[in-house]
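These are the residues of each chain, in order.
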Amino acid sequence: MTLSNSHWGAFRAEAQDGRVSLTPFERDRDPSPVLRGLAELYDSPLRVRRPAIRRSWLEHGPGANPQGRGREPFVEVEWDEALDLLAAELTRVRAEHGNTAIFAGSYGWASAGRFHHAKTQLKRFINLFGGATDQVNNYSYGAAMVLLPHILGSNEVLTGQATSWRSIAEDTELMLAFGGTPWKNAQIESGGCGDHTLRHWTAAAAERGMRLVNVSPIRDDVGDWQKGEWWPIRPGTDTALILALAHTLVVEDLHDRHFLATHCVGFETFAQHLIEGRPGGFGADWAASITGIDAEEIRSLARAMVRQRTMIALSWSIQRADFGEQSYWAAIALAAMLGQIGLPGGGIGFGYGATNGIGSTGRRVSAVNLKAPPNPAKSTIPVARIADLLLNPGAELRYNGREITLPETRLIYWAGGNPFHHHQDLNRLVRAFQRPDTIVVHEISWTSTARFSDIVLPATTTLERNDIASNSRDRFMTVMRQVVPPFAGARDDFAIFTDLARRLGFAEAFTEGRDEMAWLAHLYEEARAANVPRGVTLPPFDAFWSSGLVELPEEETPHVAMAEFRADPERHPLATPSGRIEIASATIAGFGLEDCPGHPTWIAPREWLGAPLAERLPLHLISNQPRTRLHSQLDMLGEARDSKIDGREPLRMNPADAAERGLADGDVVRVYNDRGACLAGLLTSAAIRPGVVQMATGAWYDPVDGGGSLDVHGNVNVLTHDLGTSALSCAPAAQSVLVEVERYTGELPEVRVSRPPEFVPRGLG
Ligand SMILES: Nc1nc2c(c(=O)[nH]1)N[C@H]1C(S)=C(S)[C@@H](COP(=O)(O)OP(=O)(O)OC[C@H]3O[C@@H](n4cnc5c(=O)[nH]c(N)nc54)[C@H](O)[C@@H]3O)O[C@H]1N2
Ligand SMILES: Nc1nc2c(c(=O)[nH]1)N[C@H]1C(S)=C(S)[C@@H](COP(=O)(O)OP(=O)(O)OC[C@H]3O[C@@H](n4cnc5c(=O)[nH]c(N)nc54)[C@H](O)[C@@H]3O)O[C@H]1N2
Ligand SMILES: [Mo]
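Being a predicted model, the structure only gives us computed values, none of them experimental. (Residues numbered from 1 in each chain as written. Chains lettered and ligands numbered in written order. Predicted model: local features only at pLDDT ≥ 70, side-chain atom pairs only at ≥ 80, totals over all residues. Heavy atoms only, no water.)

A. Here's a closer look at the site of ligand 1. Near ligand 1 you find 35 residues, and of these Ser111, His422, Glu443, Ser632 and Asn717 are the closest. Between His631 and ligand 1, the recorded distance is 3.0 Å, taken from a side-chain N or O atom to an oxygen atom. Against a free-state accessible area of 920 Å², the protein chains account for coverage of 98% of ligand 1. Those elements giving two or more residues to the shell around ligand 1 turn out to be helix H17 (419-422) and strand E18 (438-443). Of the residues in the shell around ligand 1, the class split is 10 nonpolar, 21 polar and four charged. (Near = heavy atom within 4 Å. Polar contact = N/O pair within 3.5 Å; in protein donor to acceptor, adjacent residues only side chain to side chain. Areas by Shrake-Rupley, 256 points an atom, 1.4 Å probe, with all protein chains shown as cover. Helix = DSSP H or I, 4+ residues; strand = E, 2+ residues; numbered from the N terminus. Nonpolar A, V, L, I, M, F, W, Y, C, P; charged D, E, K, R; others polar.)

B. How the structure looks around the UniProt feature "domain: Molybdopterin oxidoreductase" (unreviewed entry) in the protein chain. Here the UniProt feature "domain: Molybdopterin oxidoreductase" (unreviewed entry) sits at residues 47-502. As annotated, residues 47-502 comprises 37% helix and 16% strand, and the C-alpha atoms at either end are separated by 27 Å. (UniProt positions renumbered as here; feature names shortened; annotations may be inferred.)

C. Representation of helix H20 (residues 493-504) within the structure. For H20, with 12 residues, the first-to-last C-alpha span of 16 Å sits near the 16 Å given by 1.5 Å per residue. Considered for burial, the residues of H20 that qualify are Asp493, Phe494, Ile496, Phe497, Thr498, Asp499, Leu500 and Ala501. Gly505, located one to two residues past H20, shows a positive phi value of around 90°. (Expected span 1.5 Å × (residues − 1). Buried < 20%, exposed > 50% of the residue type's maximum accessible area, 1.4 Å probe, protein only.)

D. Expanded view of the domain arrangement of the protein chain. Once the domains are mapped, the protein chain shows domain 1 (161-359 + 562-591) and domain 2 (612-754). Every contact between the two is made by 25 residues of domain 1 and, on the other side, 23 residues of domain 2. The junction of domain 1 with domain 2 conceals about 2000 Å² of combined surface from both sides, 55% of it contributed by carbon and sulfur atoms. On the domain 1 side of the contact with domain 2, Ile218, Arg320 and Glu325 bury the most area, a combined 29% of that side's loss. The interface formed by domain 1 and domain 2 holds one salt bridge in total. Residue Asp220 pairs with Arg652 through a salt bridge whose shortest N-O separation is 2.8 Å. Our count for the contact surface shared by domain 1 and domain 2 stands at 15 residue pairs in polar contact (both at pLDDT 80 or more). Elements that contribute at least two residues to the side of domain 1 that touches domain 2 include exactly helix H8 (183-186) and helix H25 (586-591). Broken down by class, the residue content of the side of domain 1 that touches domain 2 amounts to 11 nonpolar, seven polar and seven charged. (Domains from an automatic or database assignment. Contact = heavy atoms within 4.5 Å. Buried area = accessible area lost by both parts, 1.4 Å probe. Salt bridge = Lys/Arg side-chain N within 4 Å of Asp/Glu carboxyl O.)

E. Fine view of the layout of surface pockets. Each pocket or cavity is described by its volume, and for the second largest pocket that value is around 470 Å³. Looking at the lining of the second largest pocket, the elements that each hand over two or more residues are H8 and strand E25 (650-653). Of the residues belonging to the lining of the second largest pocket, the class tally is nine nonpolar, six polar and seven charged. Formed jointly, the lining of the second largest pocket draws a minimum of three residues from each of two domains, domain 1 (161-359 + 562-591) and domain 2 (612-754). (1 Å grid on protein atoms, 1.4 Å probe; cavity = no way out; pocket = protein on both sides within 12 Å on 5 of 7 lines; lining within 4 Å. Points joined across faces, edges and corners; volume = space filled by probe spheres on them.)

F. The arrangement of the pairing of strand E26 (residues 668-672) in detail. Taken together, the five bridges between E26 and strand E27 (residues 677-684) define a ladder with antiparallel strand orientation. Note that in E27 the partner of Arg670 across the bridge is Leu679. The turn joining E26 and E27, which pair antiparallel and follow one another in sequence, is formed by four residues. Both E26 and strand E29 (residues 738-743) contribute to a ladder of four bridges, which runs antiparallel. Across the sheet, the residue bridging to Arg670 is Glu742, located in E29. (Pairing = 2+ DSSP bridges.)

G. The arrangement of the site of ligand 2 in detail. Lining the immediate surroundings of ligand 2 are 30 residues, of which Lys184, Asp221, Asp238, Arg320 and His631 lie closest. Take Asp238: an N or O atom from its side chain is 2.7 Å from a nitrogen atom of ligand 2. Contact between ligand 2 and Asn624: an oxygen atom at 2.9 Å from a side-chain N or O atom of the residue. Taken by itself ligand 2 offers 900 Å² of open surface, and the protein chains cover 98% of this.

H. Region of interest: unusual backbone geometry. Even without a glycine there, the phi angle at Ser106 is positive, about 50°. Looking at the element boundaries, Ser106 is found in the loop between strand E6 (102-103) and helix H4 (118-128).

I. Representation of the side chain of Glu443 in the model. Here Glu443 shows up in strand E18. Within polar-contact distance, the side chain of Glu443 engages the backbone nitrogen of Ser445 at 3.2 Å.

J. Fine view of the pattern of salt bridges. Counted under the stated rule, the structure contains 61 salt bridges. In this structure, Asp134 engages Lys123 in a salt bridge whose closest nitrogen and oxygen atoms are separated by 2.8 Å. On the criterion of sequence distance, the pair formed by Asp134 in strand E7 (residues 133-136) and Lys123 in helix H4 is long-range, its members being 11 residues apart. Judged by relative accessible area, which is 16%, Asp134 ranks as buried. Between Arg398 and Glu403 there is a salt bridge whose closest N-O contact spans 3.9 Å. For Arg398, a relative accessible area of 41% gives the class partly exposed.

K. Geometry of the packing of aromatic side chains. Applying the stated criterion across every chain, the model contains 31 aromatic pairs. When the ring of Phe420 is compared with that of Phe433, the centres are 4.9 Å apart and the planes differ by 80°; the resulting orientation is edge-to-face. One end of the pair, Phe420, is in helix H17; the other, Phe433, is in the loop between helix H18 (426-432) and E18, and 13 residues separate them in sequence. Judged by relative accessible area, which is 1%, Phe420 ranks as buried. Overall, Phe433 belongs to the buried group, its relative accessible area being 1%. Aromatic side chains Phe494 and Phe510 sit 5.7 Å apart centroid to centroid with 25° between the ring planes, which places their arrangement in the stacked category. Of the two residues, Phe494 is situated in helix H20 and Phe510 in helix H21 (residues 507-511); the sequence distance between them amounts to 16 residues. Accessibility assignment for this pair places Phe494 and Phe510 in one class, buried. Among the aromatic residues, ring-to-ring pairing joins Phe115, Phe125, Phe129, Tyr413, Phe494, Phe497, Phe506, Phe510 and Trp519 into one connected group. One cation-aromatic arrangement involves Arg94 over Phe129; the distance from NZ or CZ to the ring centre is 3.9 Å. Sitting over the face of the ring of Tyr672, Arg670 holds its NZ or CZ atom 4.5 Å from the ring centroid. (Phe/Tyr/Trp six-rings, centres within 6.5 Å; stacked < 30°, edge-to-face > 60°. Lys NZ or Arg CZ within 6 Å of the ring centre and 35° of its normal.)

Right, dumping it as structure tokens:
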């Protein structure tokens, strides 16, 4: 059987009579059940079969009836016609409005293969066309990635190598895990993985008797086998708990004065703030009233952290919230006060469990990677300001100490992402998507974004092409061999861009004279050369391609983040202004931001259970990552489809909250706030803290009248707000949301996104 790989893990596949069957890779110790949906995807009725153009756009040209997006039928056309029209429209927009009027940020996860990486293919194409407005940062840890360079000098602990799971399993005595270490999330790895290891390492830590404190509104963010204690914190209040732990250390004089003096700056400012920043200080009694966690437990945890080798771990979700910078900054300050940064099993880590590879025990390698040339248009926005860009051209945006003037957008080009999945406040995004003249998307399936576009070009899946899975955090590099011919009229993104570039006169620059296999060999050989200085030897391409995989070396000793800095801060300074950990930052203080001052502090979220709004909307909605799919990918298939209740996305609620509302398991409910409403299927669960409801992201958006009102399928992003974390990073803050839930009593509307949109013959408009 053919070896291939995916964000859900490696697998072997075969095709019979045009149907795909697959089994997980034999070396995978804990394969993801979500993988089975990939086999169903190939010939799913929701595949885009042929190029399709929104009727008004085709018949009346760019900008025609923009309110028709998401409502109007499509006309299927031949590839040549679609590409001729698109090449002409790109040329028109560039000539009349300039390259910055093209938005091609195209945020999204696309597929695992490194060559057929849709977004990078688009960047190669558009940057050779003169560039476009692009996006920086990501939805995952957008606040942290702007903050950490100011505090730790780089994003190494966040995006590079975290202290390895082996180090935790061997040396950590106490792991304080904010947001847990969710197994559901470690099912995936961007760029694929050969062996799922979270269960193995977390079991090893539990076996050795490590104490695990799961600070989360949701108990099953930690698996039963991990034997964690559950501290059901009120959502959005982690910073208060962290400040109180730090406060206890200060008042009981338990902080590591030596480490603070030799490795940090700004401790005095922070310590003074802890004591004097509010009447009575940021102590445990204060934090108990904010977090719902007992004050004595907080104090005793602080003392235990000093006595024991402690890992302070924060999931990425903690900073995906109002003023999300504060939790990460406060946690770094707390870890510095313990003085265990750079010691085996101690210090600070981010994202354990977020993907399979965080804390990987493999040696760091240079991955196979397709690069794009620089963007000549030099125009960027922070990733989650997309609706602001479209709605407010000319407006000034404060971001990381700068001002960005938002350009005007005439054309949107998306390949490999789904903004009608990933963005917040979708009813606002619907209005924003009515602004441009033209919206183009390459898609596998009729996602909500495809339905809100003008030109939809059918893309192949991983199963229909050759590629390489490679990732600096995974121990396997594998081939991704083609299993089946392209479905219906679908084409690879590379082939689509090649044909467009030919029409626009730069095909040679785009392909560099290589076809698919020549590109794979070229990219692989580049990675092979880059690994030589790392002491990692890869076989030549032909040998790799015929054997199917390379197993990369394990780390020799467990990796400990920031160990060199700890050992010798003079020789290995951080790239901060002081060369040290900045517990207070003069740079950030100098930005003069009310929502991100010069040291960590508690700023009450805009929406949380302590807000006045909670009297009317008394439930905090956690819209976390789905156990049953990757974002919106595979939503209508396999695990995700089977998890739906009456065809709606499940919502979990504590039994007490359900009883108070007269709700029972299996009820269809309406979840609402002032921004929007959606339907969901109710599941009661004691694993959810009272006052909290949980609904995963990723159900395909299905507004009852094409936008603005009830989403009948259960996309949480009709409820989330579109305000950034702060003016420092302008990152998404999807976790800070209040809602109310009631039984849905109307007639149950059909979920229309479970079948393709309407197609009409040409000339009927
Ligand atoms: N409320 C809330 N919202 C969130 C989050 C949250 O926690 N809460 N999380 C956020 C986070 S962290 C992220 S990363 C985003 C994720 O948001 P996205 O990355 O946009 O979500 P995906 O569903 O992975 O979208 C990828 C799309 O690419 C398509 N695709 C896959 N392979 C290919 C290919 O080869 N070619 C082409 N042309 N298309 C392809 C898929 O069909 C899919 O529609 O969501 C964010 N949104
Ligand atoms: N199966 C699956 N795995 C995925 C993804 C997917 O779509 N599906 N997406 C991937 C991507 S792109 C990313 S960025 C990562 C994201 O990784 P994370 O950000 O870690 O993922 P989440 O599931 O959003 O959050 C983890 C847990 O944090 C808890 N939490 C939420 N708010 C709070 C809070 O205020 N306080 C505390 N203490 N806990 C809170 C929730 O209970 C939640 O289950 O996941 C990746 N893994
Ligand atoms: Mo993400």
